[in-house]
Amino acid sequence: DGGITQSPKYLFRKEGQNVTLSCEQNLNHDAMYWYRQDPGQGLRLIYYSQIVNDFQKGDIAEGYSVSREKKESFPLTVTSAQKNPTAFYLCASSIFGTAFNEQFFGPGTRLTVL
Amino acid sequence: AQKITQTQPGMFVQEKEAVTLDCTYDTSDQSYGLFWYKQPSSGEMIFLIYQGSYDEQNATEGRYSLNFQKARKSANLVISASQLGDSAMYFCAMREDGDYKLSFGAGTTVTVRA
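Along every chain, residues carry numbers that run from 1 in the direction the sequence is written. As they are written, the chains are lettered A onward and the ligands numbered 1 onward, keeping that order. In keeping with the predicted nature of the model, local features appear solely for residues at pLDDT of at least 70, side-chain atom pairs appear and are counted solely at 80 or more, and the whole-chain, interface and lining totals rest on all residues. Only hydrogens and water are set aside; all other atoms, that is, all heavy atoms of the structure, feed into the side-chain values.

1. Quick word on the packing of aromatic side chains
Here's step 1: Whether two aromatic rings pair depends on their centres lying within 6.5 Å, for rings of Phe, Tyr and Trp, where Trp uses its six-membered ring; planes under 30 degrees apart make the pair stacked, over 60 edge-to-face, and the rest tilted. This structure, assessed with the given rule, holds 14 aromatic pairs over all chains.
Here's step 2: Aromatic side chains Y35(A) and F105(A) sit 5.7 Å apart centroid to centroid with 40° between the ring planes, which places their arrangement in the tilted category. With a gap of 70 residues between them, Y35(A) in strand β4 (residues 31–37) and F105(A) in strand β10 (residues 104–105) connect regions that are remote in the sequence. The pair Y35(A) / F105(A) is uniform in exposure class, with both members buried.
Here's step 3: Ring-pair connections join several aromatic residues into one group, and the members of that group are Y33(A), Y35(A), Y48(A), F105(A), F35(B), Y37(B), F47(B), Y50(B), F91(B) and F104(B).
Here's step 4: Charge-over-ring contacts are defined here by two conditions on Lys NZ or Arg CZ: a distance within 6 Å of the ring centre and an angle within 35 degrees of the ring normal. Sitting over the face of the ring of F74(A), R68(A) holds its NZ or CZ atom 6.0 Å from the ring centroid.
Here's step 5: Lying over the aromatic face of Y64(B), R63(B) brings its terminal NZ or CZ to 5.8 Å of the ring centre. Helical segments are the DSSP runs of H or I of at least four residues, strand segments are the runs of E of at least two, and each set is numbered from the N terminus. Think of it in three bands: with a 1.4 Å probe and only protein chains considered, a residue is buried below 20% of the maximum accessible area for its type, exposed above 50%, and partly exposed in between.

Structural data, given as structure tokens:
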């Protein structure tokens, strides 16, 4: 079955630590995205990537980093510079193209800073 | 400026009745897409329905229909014959052509009562 997997489902981080969230897709999609969701709010874009070895900052990129070495994978690192990282993180992918392609989402990773 | 506005934070609906979720959007582009997603308590975002700015007919997908009023810049979601499993948060989103991100509203929580 094609889809997007994210791991881990729950992640706990101590102050000052970097953590990496995994996102893998087997939909053969070119574009991948990372969103952050805070309680009771909509999603905000952190980073996106249209093709391998290229990525762009979204609206709230500060304190985060990404890489796109393979088409299938788009890991997100939450660095110690991110002041308030406790949130729900969603990875998505879509066909590279116009506005007319929906984004497919993974199940999410819930990050808590202890 | 807020691109997507959902003014109803929460709604209650009786099982088997219809419910309308409001969404207004702001764009100066002629080409854009409007999406509705469902987010159950598990957290995963489930794509429900899509409406293109050039589509003359309102989109329908099973029990979901989109009431698209372009001049008023509104894209309301109608869920007919509500079921208990429809209880979730619903997000309206927009993607402008040439832009790769989805802009999300704050969401509406729907609770279906038996």
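2. Structural notes on the interface of chain B and chain A
Here's step 1: Every contact between the two is made by 24 residues of chain B and, on the other side, 25 residues of chain A.
Here's step 2: Values labelled buried area give the accessible surface lost by two parts on being combined, using a 1.4 Å probe and summing over both. Regarding the contact of chain B and chain A, the summed buried area is about 2000 Å², with carbon and sulfur atoms giving 56% of it.
Here's step 3: For chain B, the biggest contributors to the area lost against chain A are R95(B), Y100(B) and K101(B); these three give 32% of the whole.
Here's step 4: Salt bridges are defined as contacts in which a side-chain nitrogen from Lys or Arg sits within 4 Å of a carboxyl oxygen from Asp or Glu. The interface formed by chain B and chain A contains one salt bridge. Residue contacts are counted whenever heavy atoms from the two residues lie within 4.5 Å of one another.

3. Remarks on the pattern of salt bridges
Two side chains with opposite charge may pair up if their charged atoms get near one another.
Residue and element names in this part refer to chain B.
Here's step 1: Scanning the model with the defined rule gives six salt bridges over all chains in all.
Here's step 2: For the salt bridge of E96 with K3, the shortest nitrogen-to-oxygen distance reads 2.5 Å. In this pair, E96 is assigned in strand β10 (residues 88–96) and K3 in the segment before β1 (4–5), connecting sequence segments 93 residues apart.
Here's step 3: Its relative accessible area of 11% is what places E96 among the buried residues.
Here's step 4: What makes K3 partly exposed here is its relative accessible area of 28%.

4. Some points on the side chain of T27(B)
Residues and elements named next belong to chain B.
Here's step 1: Within the secondary structure, T27 sits in the loop between β4 (24–25) and β5 (32–39).
Here's step 2: Residue class for T27 comes out buried when judged on its relative accessible area of 6%.
Here's step 3: Within the local environment of T27, its side chain forms a polar contact with the side chain of E96, the two groups lying 2.6 Å apart.
Here's step 4: Not counting residues within four places of it along the chain, the set of residues in contact with T27 comprises Y32, K73, M94 and E96. Two N or O atoms count as a polar contact when they lie within 3.5 Å, although within protein this holds only if one can serve as hydrogen donor and the other as acceptor, and sequence-adjacent residues are included solely when both atoms are side-chain atoms.

5. A few points about the environment of V78(A)
All names here are of chain A.
Here's step 1: Following the sequence through the fold, V78 ends up in strand β8 (residues 76–78).
Here's step 2: Since its relative accessible area comes to 0%, V78 is described here as buried.
Here's step 3: Sequence spacing of V78 and Y64 is 14 residues, and the spatial spacing of their C-alpha atoms is 4.8 Å.
Here's step 4: Leaving out residues up to four positions away in the same chain, V78 has contacts with R13, Q17, N18, V19, L21, G63, Y64, P85, Y89 and L111.

6. Some words on the pairing of strand β6 (residues 46–52) of chain B
Residues and elements named next belong to chain B.
Here's step 1: Within β6, five of the seven residues are buried, which leaves the element mostly enclosed by the surrounding structure.
Here's step 2: As paired strands, β5 and β6 are joined by six bridges and run antiparallel to one another. Each residue of the ladder has a partner; that of W36, found in β6, is I49.
Here's step 3: At least two bridges found by DSSP between two strands are what make those strands a pair. Adjacent in sequence and paired antiparallel, β5 and β6 are bridged by six residues, among which G43 carries a positive phi angle near 105°.

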